[in-house]
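# Close look at the chain arrangement
Residue strings, one per chain:
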Amino acid sequence: MSTASKTHDHSHEQTVPRPALIAAGALVLGTIAMTGAVRMGYLEREAVPATVRAQANVGAMQVRELTFSDRDDGSVVINDATTGEEVRIIETETQSGGFIRGVMRGMARERRAYGIGAEPAFRLTLWEDGSLSLVDMATDRTIELGAFGPDNRAVFMTLLKTGDAA
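Conventions adopted
- Residues numbered from 1 in each chain as written.
- Predicted model: local features only at pLDDT ≥ 70, side-chain atom pairs only at ≥ 80, totals over all residues.
- Heavy atoms only, no water.
- Helix = DSSP H or I, 4+ residues; strand = E, 2+ residues; numbered from the N terminus.
- Buried < 20%, exposed > 50% of the residue type's maximum accessible area, 1.4 Å probe, protein only.
- Contact = heavy atoms within 4.5 Å.
- Areas by Shrake-Rupley, 256 points an atom, 1.4 Å probe, with all protein chains shown as cover.
- Core = buried A, V, L, I, M, F, W, Y, C linked by side-chain atoms within 4.5 Å.
- Phe/Tyr/Trp six-rings, centres within 6.5 Å; stacked < 30°, edge-to-face > 60°.
- Patch = residues over 30% accessible without salt bridge, like charges linked within 9 Å, V, L, I, M, F, W, Y side chains within 5 Å.
- Salt bridge = Lys/Arg side-chain N within 4 Å of Asp/Glu carboxyl O.
- pLDDT = per-residue confidence, 0-100.
- Pairing = 2+ DSSP bridges.
- Axes fitted to C-alpha atoms, helices over the stretch in contact; angles between N-to-C directions.

## Quick look at the overall build of the protein
Broken down by element type, the protein carries five helices and six strands. Taken over 166 residues, the protein has a buried fraction of 25%. Counting only contacts in the protein whose residues sit at least 6 apart along the sequence, the fraction spanning at least 24 positions is 46%. Summed over its atoms, the accessible surface of the protein is roughly 11500 Å², and 55% of this surface lies on carbon and sulfur atoms.

Okay, structure coming up:
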């Protein structure tokens, strides 16, 4: 057999359709243009809840500083950082505790990235406008809990003391 008969032409040209390339390019250029327009002040930036509250002089109605710690069995213990009082224990199987676990897992991941442990407290605040926020006092990260829907917001509301004013 000659070497010429052994070679095969396996040219399987795979190209991306031209309209798809044009659309992708337009998307990238549009994103860059909009980012530039926001940075240069041609477009308004999305409202930051903490800034909006400060500008509107919205005060805190209730504030509670909390610490979260893991037990060996996987449950999470929530304590009042000021009094040391045990606020709640979230067992591993609880449905309502899943949202708290998810939020705190994200916060803990950020703390680990900064080399911060579990000791610094988190500040849970119910504002006069009805919004509810959780601030990591060690990293200054804020989570607006209302953004996750009324059921998930309500889970964190149970951690506030009833009747306490800020």
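Moving on from the coordinates now.
## Side note on the nonpolar core
Counting 21 residues, the largest nonpolar core has I100, L124, L134 and F156 as the members making the most contacts within it. Among the elements of the structure, β1 (60-70), β2 (76-80), α4 (97-113), β4 (122-127), β5 (132-136) and α5 (150-157) are those that each provide at least two residues to this core. A total of five residues in this core trace back to one element, the largest contributor, which is α4. Apart from the residues lying within four places of it in its own chain, the contact partners of I100 are F68, I78, R88, I90, V155, F156 and L159.

## A few points about the packing of aromatic side chains
On inspection of all chains with the given rule, the structure shows three aromatic pairs. Consider the rings of F99 and F148, whose centres lie 5.2 Å apart with planes at 55°: the pair is tilted. Taken together, the residues F99 in helix α4 and F148 in the loop between β6 (142-144) and α5 connect sequence positions 49 residues apart. On the accessibility criterion, F99 (14% relative accessible area) is buried. Consider the rings of F99 and F156, whose centres lie 5.7 Å apart with planes at 90°: the pair is edge-to-face. A residue pair is termed long-range when its members are at least 10 positions apart, and F99 in helix α4 and F156 in helix α5 qualify at 57 residues. Cluster of aromatic residues (ring-pair linked, three or more members): F99, F148 and F156.

## Focus on the side chain of T125
Relative to the elements of secondary structure, T125 occurs in strand β4. Look past the residues within four positions of T125 in its chain and what remains in contact with it is A60, Q62, V63, S131, L132 and S133.

## Some remarks on a nonpolar patch on the surface
On the surface, a nonpolar cluster with roughly 510 Å² of combined accessible area is contributed by M34, M40, Y42 and L43. Within the secondary structure layout, Y42 lies in the loop between α2 (18-39) and α3 (49-55).

## Overview of the confidence of the model for the protein
On average, residues of the protein score 83 in pLDDT, and 86% of them are at 70 or above. By mean pLDDT, helix α1 (residues 3-6) is the weakest element of the protein at 53, and β4 is the strongest at 94.

## Things to note about the sheet that holds β1
Sheet architecture is open: six strands sit in the order β3-β2-β1-β4-β5-β6, paired in antiparallel fashion. Since the sheet does not close on itself, it has two edges, and those belong to β3 (86-90) and β6, each with one partner. For this sheet the average axis-to-axis angle between neighbouring strands, irrespective of direction, equals 25°. Across three bridges, the pairing between β5 and β6 is antiparallel. Pairing of V135 across the sheet is with T142, part of β6. Where α5 meets the sheet, it contacts β3, β4 and β5, and its direction lies at approximately 60° from that of β5.

## Here we look at the pattern of salt bridges
Side chains bearing opposite charge may pair, as long as their charged atoms lie close to each other. All told, the structure shown has five salt bridges when counted by the stated rule. With a closest N to O distance of 3.3 Å, E85 and R64 form a salt bridge. Here R64 lies in strand β1 and E85 lies in the loop between β2 and β3, a separation of 21 residues in the sequence. By relative accessible area, E85 is classed as partly exposed at 41%. The exposure class of R64 is buried, given its relative accessible area of 6%. A single salt-bridge network, built from bridges that share partners, covers R64, D80 and E85.

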